[in-house]
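# Coordinates in review
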Amino acid sequence: MGLSLSSRWKAAGVLLIVAVALRMWDFGNPVVHVDEQYYLLVGDRMLQGDIPYIDIWDRKPVGLFLLFAGIRLLPGDGILAYQIVATLFAAGTAWMVDRAAMRLGAARAGALAAAIAYLIWLSLLNGRGGQSPVFYNLFVTGAALLTLRLPALAEEREVRAIVINGLIVCLLSGIAIQMKYTPTFEGAYFGLAHLWFLHRAKAPLPVTAGTGLIWMLAGLAPTLTVIGCYAWQGRAALDAFWFANFASITLRPGYPIEQIGMRLLGIAAQLSPLIVAAGIAWRWRRRIGLAGEGAMIAWGWLGAALIGFAVVGTYFDHYALPLIAPLALVAAPALARSSRILIGVLGLALLLFVIKLAMQPRDGEGAREVARIVKANSGNQCPWIAIGDTITYRLAESCLPTAYTFPNLLIYSTEHGATGINEAAEVRRILANRPPVIVASSRPLQIWNRESTTMVRNALASDYRLVFSTPRSNYRTLVYLRRDRPFRRGTPE
């Protein structure tokens, strides 16, 4: 518990080195994941004056796009910049896991192992780039670390300190909520924990009630500020914000149940070493002196994170990223207690990481070549990425043919009726404008929007010719040029 300042900085330095070593393989890769490509595109377009949900559409909170807009101000095309910033966030979150584990009473080795486990599992669950939890986990884990102070503060009846602690925790949670709404559950849990320990500290009931209201407003403040900004722009802007952020998700059709089941099994399998270590820590909790209130706070955090994970319902592997920090924290005592468990968990994690790294496709240069060809052949017109990587728009420095730029919105059946527009009609409008270049894919999927994809196939067959093809994962990206335009290869930058 009583680590010197130099020891804390040494731990921070080790974790930063580990984070860079695990993530450097993707530095400069423009196609780490489809989501973060789009976040960078939206952030870039915001700097050009586009307004999220009006000029460019998505469901994520605007805070995430503001973060990427800020990153876009850094030198370069934004790709390496967001990956370096994400690495710093990941290392910072791991350091907080280390500090939280020490606060629970875990030994130095176990706390550091838990922090390293956090970093490894980020990469295993598709968080090796800039997924939103890579960023907001920092704020949530910071809130959890502060919440672990509560038993000691309540014991000393430090009412004022609990009030200030809760205010900071709720503000941190509110910032996280503006990167994705699921941390609402964790923020609510931290707030309730503060209310309980405020009561334990013998605060008068009016003080507890008034403080709870202030904390709630602090947690809502970032989102209320955003709502106010959209309301200031007028009713149409506010309606667009409200639909995209809160209404559209309720209209989204579900994925096939067999896909959901396989995703859940995959997540459970990948997390199983941490789950086993956490289970052992729970079984040993009395033997190793970790049955107190601090441990209960940590387990409660895991429960709140599980609720946030469960409510989304689509269960892609990166949706489990918020589970890693609380899982690593509750597993830390077992990692500290048994060197065999520590070596087994980290050894298996590293083995999985190496296997995944070896199997990882190297599609970055092909994606940049696609962008060069799109840029060279679009002229002053807007290309359309019908099925493909939205980073192409950013790298090609092109205009956008639609506000619904993320391909899934118009092409997937799982978005049918959930965007607030007629998706097929929007595809028809885009094609009627005769984009100079259309990017498509050979990817086989069972969830295509049949009406949209039929129109795309017909247009490609009649009015376009294939000019470039490159591997992309286990399929190919296809670039089509309008038949009346000469092909230009483009030059590497």
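Okay, so let's go over this structure.

Conventions we followed
- Residues numbered from 1 in each chain as written.
- Predicted model: local features only at pLDDT ≥ 70, side-chain atom pairs only at ≥ 80, totals over all residues.
- Heavy atoms only, no water.
- Pairing = 2+ DSSP bridges.
- Helix = DSSP H or I, 4+ residues; strand = E, 2+ residues; numbered from the N terminus.
- Contact = heavy atoms within 4.5 Å.
- Axes fitted to C-alpha atoms, helices over the stretch in contact; angles between N-to-C directions.
- Core = buried A, V, L, I, M, F, W, Y, C linked by side-chain atoms within 4.5 Å.
- Buried < 20%, exposed > 50% of the residue type's maximum accessible area, 1.4 Å probe, protein only.
- Salt bridge = Lys/Arg side-chain N within 4 Å of Asp/Glu carboxyl O.
- Parallel < 35°, antiparallel > 145°, perpendicular 65-115°, else oblique.
- Left-handed = near helix turned anticlockwise from the far one by under 90°.
- Nonpolar A, V, L, I, M, F, W, Y, C, P; charged D, E, K, R; others polar.
- Phe/Tyr/Trp six-rings, centres within 6.5 Å; stacked < 30°, edge-to-face > 60°.

### Quick look at the sheet that holds strand β2 (residues 437–441)
In sheet architecture, strand pairing relies on hydrogen bonds along the backbone and comes in two forms, parallel and antiparallel. Spatial strand order, β1-β2-β4-β3: four strands in an open sheet with mixed pairing. Both outer strands of the open sheet, β1 (384–385) and β3 (464–472), are each paired with one neighbouring strand and no more. Here five bridges tie β2 to strand β4 (residues 475–482), and the two strands are oriented antiparallel to one another. By the bridge assignment for β4, Ala 440 is matched with Leu 478. Contacts from helix α20 (residues 450–463) reach β1, β2, β3 and β4 within the one sheet, and its direction differs from that of β3 by about 120°.

### Overview of the nonpolar core
Within the largest apolar cluster, 165 residues are counted, with the highest numbers of intra-cluster contacts made by Leu 119, Trp 121, Phe 135, Leu 271, Ile 324 and Trp 384. With 15 residues, helix α4 (residues 79–104) is the largest single contributor of residues to this core. The residues contacting Phe 135, other than those within four sequence positions of it, are Leu 67, Phe 68, Ile 71, Tyr 82, Val 85, Ala 86, Phe 89, Gly 130 and Met 179.

### A word on the pairing of β2
Most of β2 is tucked away, with five of its five residues classed as buried. Residues Val 437, Val 439 and Ser 441 line one face of β2 and the alternating positions Ile 438 and Ala 440 line the opposite face, and both faces are buried. Bridge count for β1 against β2 is two bridges, and the pairing is parallel. Looking at β2, one finds that Ile 385 is bridged to Val 439.

### A look at the pattern of salt bridges
Overall, the coordinates contain 21 salt bridges when judged by the stated rule. Arg 368 serves as the salt-bridge partner of Asp 77, at 3.3 Å between the closest nitrogen and oxygen. Linking Asp 77 in the loop between α3 (62–72) and α4 with Arg 368 in helix α16 (residues 364–378), this pair joins segments that are 291 residues apart in sequence. The partner of Arg 372 in a salt bridge is Glu 369, and the shortest N-O contact between them spans 2.8 Å. Taken together, the positions of Arg 372 and Glu 369, both in helix α16 and three residues apart, correspond to about one turn of that helix. Pair check on accessibility: Arg 372 and Glu 369 agree, each one buried. Residues joined in a network through salt bridges with shared partners are Glu 365, Glu 369, Arg 372 and Arg 489.

### A few points about the packing of α4 against helix α5 (residues 108–124)
In the contact formed by α4 and α5, the axes pass within 8 Å of each other and the chain directions differ by 150°. It follows from the interaxial angle that α4 and α5 lie roughly antiparallel. The chirality of how α4 crosses α5 is right-handed. Of the residues in α5, those in contact with Ala 90, Ala 91, Thr 93, Ala 94, Val 97, Asp 98, Ala 101 and Met 102 of α4 are Arg 108, Ala 111, Leu 112, Ala 114, Ala 115, Tyr 118, Leu 119 and Leu 122. Considering only residue class, the contact of α4 with α5 consists of 13 nonpolar, one polar and two charged.

### Brief notes about the packing of aromatic side chains
Scanning the model with the defined rule gives 22 aromatic pairs in all. When the ring of Tyr 53 is compared with that of Tyr 230, the centres are 5.7 Å apart and the planes differ by 45°; the resulting orientation is tilted. With Tyr 53 in the loop between α2 (34–47) and α3 and Tyr 230 in helix α10 (residues 205–232), this pair connects stretches of sequence that are 177 residues apart. You can call Tyr 53 buried: its relative accessible area is 4%. Note on Phe 89 and Phe 135: the rings are 5.1 Å apart at their centroids and 70° apart in plane angle, and the pair reads as edge-to-face.

By themselves, these observations are geometric and do not establish any function.
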